[in-house]
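One letter stands for each residue in the lines below.
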Amino acid sequence: QPSAIWGGRFTGGPAAAMRAINPSIGFDQRLYAEDIDASKAHSAMLAHQGIIAEADDAAIRDGLETIRREIEAGTFTFSAALEDIHMNVEARLTELVGEPGRRLHTARSRNDQIATDLRLWVRGAIDRLDGELAAVQKALIEQAENGAELVMPGYTHLQAAQPVTLGHHMLAYVEMFGRDRGRLADARKRLNECPLGAAALAGTAFPIDRGMTAEALGFDAPTANSLDSVADRDFALEFLGAASIAATHLSRLSEELVIWCSEGFAFVELSDAFTTGSSIMPQKKNPDGAELVRAKAGRVIGGLINLLTVMKGLPMAYGKDMQEDKEPVFDAADTLELCLACTAGMIADMTPNAENLRAATQRGFLTATDLADWLVREAGMPFREAHHVTGRLVALAERTGRDLPELTLAEMQAEDARITEDIFGVLTVERSVASRTSLGGTAPDTVRAAAARARERFL
Ligand code: ARG
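Rules used in this analysis
- Per chain, the residues get numbers from 1 upward, laid out in the order the sequence is written.
- A pLDDT threshold of at least 70 governs which residues receive local features in this predicted model, and a stricter bar of 80 or more applies before side-chain atom pairs are shown or counted, although totals over entire chains, interfaces and linings include all residues.
- Side-chain measures were taken over the full set of non-hydrogen atoms in the model, leaving aside hydrogen atoms and water.
- UniProt positions are given in the numbering used here, feature names are shortened, and annotations may be inferred rather than shown by experiment.
- The helix and strand labels rest on DSSP assignments: H or I over at least four residues marks a helix, E over at least two residues marks a strand, and numbering proceeds from the N terminus.
- A fitted line through C-alpha atoms serves as each axis, taken over the contacting stretch for helices, and the angle formed by two N-to-C directions is quoted from 0 to 180°.
- By the definition adopted for this analysis, an angle is roughly parallel if under 35 degrees, roughly antiparallel if over 145, roughly perpendicular if from 65 to 115, and oblique otherwise.
- Here a crossing is called left-handed whenever its near helix is offset anticlockwise from the far helix by less than a right angle, and right-handed whenever the offset is clockwise.
- The criterion used for residue contact is that any of the two residues' heavy atoms lie within 4.5 Å.
- Polar here means any residue outside two lists: the nonpolar Ala, Val, Leu, Ile, Met, Phe, Trp, Tyr, Cys and Pro, and the charged Asp, Glu, Lys and Arg; Gly therefore counts as polar.
- One fewer than the residue count of a helix, multiplied by 1.5 Å, yields its expected span.
- Throughout, exposure labels follow a simple rule: accessible area from a 1.4 Å probe, protein chains only, divided by the maximum for the residue type, with under 20% read as buried, over 50% as exposed, and the rest as partly exposed.
- Directions drawn from the helix axis to the C-beta atoms are what define this arc.
- Proximity criterion: a residue is near a molecule or strand once any of its heavy atoms comes within 4 Å of it.
- Residues adjacent in sequence count toward polar contacts only when both atoms are side-chain atoms; beyond that, a polar contact is any pair of N or O atoms within 3.5 Å, and within protein one must be able to donate a hydrogen and the other to accept it.
- Method for areas: the Shrake-Rupley scheme with a 1.4 Å probe, in which residue coverage is limited to the protein chains shown.

The name recorded for the protein chain in an unreviewed UniProt entry is Argininosuccinate lyase, from Limimonas halophila. Under the UniProt heading Sequence similarities (unreviewed entry), the entry covering the protein chain gives this text: "Belongs to the lyase 1 family. Argininosuccinate lyase subfamily." What UniProt records for the protein chain under Pathway (unreviewed entry) is the sentence "Amino-acid biosynthesis; L-arginine biosynthesis; L-arginine from L-ornithine and carbamoyl phosphate: step 3/3."

Structure representation (structure tokens):
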């Protein structure tokens, strides 16, 4: 038979496939707390404006708190025939308090209701994620402090380039996650306007006070345009965009962990808590945590593409298509939270192998740039010429199976007579990193200062 909610003009009921595709209660029940909060604010405003009686408001707000308790106790029965969280709550409210429950929907629509609920939910998710991103930053900063002196190869093209410190490498990710927090905070600022009172799309003839509901729900202001209020989901897109970028950063970090704990590198050991064994190869310790964080970025990015695609062709104002906004948002938030928890744990537990990190710097002529810089500084050579002289010395070292500091002074002077004994002072990796004291550079003292600054900026 026709729907109990809107069946007035209907004689027939929905088909089975329609009953399967139409409801959102399976996923939007997660919005129960936001829905109840928004309904309480709406009811109080209706009473304040004399649109409903104070006694109705009191009954409504009481009933809504009962429903909150029922849902939290797991005794609430959700009904797919009632489609969504809004109708499930309202129907139960009417069961509980009778007539006043039927007055709650005055001067609002599910369209402004859902826009309000989802904004509130995303705002809460942003606040949780901010703390979880900070926890990852904290683990990275602690590794940076412990690793301020640990030399390792820095790479470009995954080819050994110049020596850096592990601490410096950790702090690079601290910056990325700091920007992720900034992006989420920006999204939060823009989403913090209240759509409630836009009603279905055109506003309402009732003398509502939108400022009052906006304030009660912690919004900065009501939204300015009723059509936009019910039609816009760019707050969800921005959230998914920021989440996708953060997930991408987590994925890159995980990729490095996978490389670093592989046999060929052995730069770090991951803890038992974030690795798994093999059912056949007893020696294995696999970085499954890192691999899954790397892979789950795909889900978050998928959510962004999903919702962009849903939204791109929708005319004003509300369309049922928008009901499909929730699952990608929930999934992205859940996935990101899981990945952040896993990453914070993996980084906190990670044990760097100082010998292997340093040993890797002894291959690949990492101090070639230091040699060239010395020629510029001490011999007054133009950098391009110094580059060539150094290149010839690297070729000689490579041909004869040695590292740069193992060349003799005579061999070097044969390439350029201006080279002196002093050169050997700059050819060790420790000297190389210690010399990189420019702002944002990799020298241990600079890294220690940067870690201290990062604590102030982020923790
Ligand atoms: N469940 C709907 C959603 O998630 C709520 C709004 C429904 N509005 C409507 N006019 N059917 O978008």
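What follows picks up the thread again.
Peer 1: How should I be thinking about the UniProt feature "domain: Argininosuccinate lyase C-terminal" (unreviewed entry) in the protein chain in this particular structure?
Peer 2: Per the UniProt record, the feature "domain: Argininosuccinate lyase C-terminal" (unreviewed entry) sits at residues 365–434. Spanning residues 365–434, this segment combines 60% helix with 0% strand, and its end C-alpha atoms are found 17 Å apart.

Peer 1: Can you walk me through the packing of helix α3 (residues 32–48) against helix α5 (residues 85–97) in this structure?
Peer 2: Two packed helices can be described by the angle between their axes and the distance between those axes. Their axes nearest at 10 Å, the elements α3 and α5 cross at an angle of 60°. Here α3 lies oblique to α5, going by the angle between them. The chirality of how α3 crosses α5 is right-handed. Contact residues: Tyr 32, Asp 35 and Ile 36 in α3; Ile 85, His 86 and Val 89 in α5. Here the residues of the contact of α3 with α5 are counted per class, giving 4 nonpolar, 1 polar and 1 charged.

Peer 1: Any chance you could explain helix α4 (residues 54–73) here in plain terms?
Peer 2: Helical periodicity: at 3.6 residues per turn, an α-helix aligns residues three or four positions apart in one direction. Over its 20 residues, α4 runs 29 Å from end to end, which matches the ideal 28 Å to within 8%, given 1.5 Å per residue. For α4, the set of buried residues is Asp 56, Asp 57, Ile 60, Gly 63, Leu 64, Ile 67, Arg 68, Glu 70 and Ile 71. Projection of α4 onto a plane perpendicular to its axis shows the buried side chains occupying an angular sector of 165°, all on one side. Residues of α4 that are exposed and point more than 90 degrees away from the buried face comprise Glu 54, Ala 55, Asp 62, Arg 69, Glu 72 and Ala 73. Taken together, the buried residues of α4 touch α3, α5 and α6 (99–103). Looking one or two residues beyond α4, the residue adopting positive phi is Gly 74, at roughly 80°.

Peer 1: Looking at this structure, I do not really get α5. What am I missing?
Peer 2: The end-to-end C-alpha distance of α5, which contains 13 residues, comes to 18 Å, matching closely the 18 Å that a straight helix rising 1.5 Å per residue would cover. Where α5 is concerned, the buried positions are Ile 85, His 86, Met 87, Asn 88, Val 89, Glu 90 and Leu 93. On its buried side, α5 packs onto α2 (25–28), α3, α4, α6 and α7 (110–146). The positive-phi residue at the C-terminal boundary of α5 is Gly 98, with phi of around 75°.

Peer 1: Explain the site of the ligand here, please?
Peer 2: Near the ligand, the surroundings consist of Ser 24, Asp 84, His 86, Arg 110, Asn 111, Ile 114, Tyr 318, Gln 323 and Lys 326. Between a nitrogen atom of the ligand and a side-chain N or O atom of Gln 323, the distance comes to 2.8 Å. Contacts to the ligand include Lys 326, whose side-chain N or O atom sits 2.7 Å from an oxygen atom. In the complex, the protein chains occlude 86% of the 350 Å² of accessible area that the ligand would expose alone. The element contributing the most residues to the shell around the ligand is α7, with 3 residues. Broken down by class, the residue content of the shell around the ligand amounts to 2 nonpolar, 4 polar and 3 charged.

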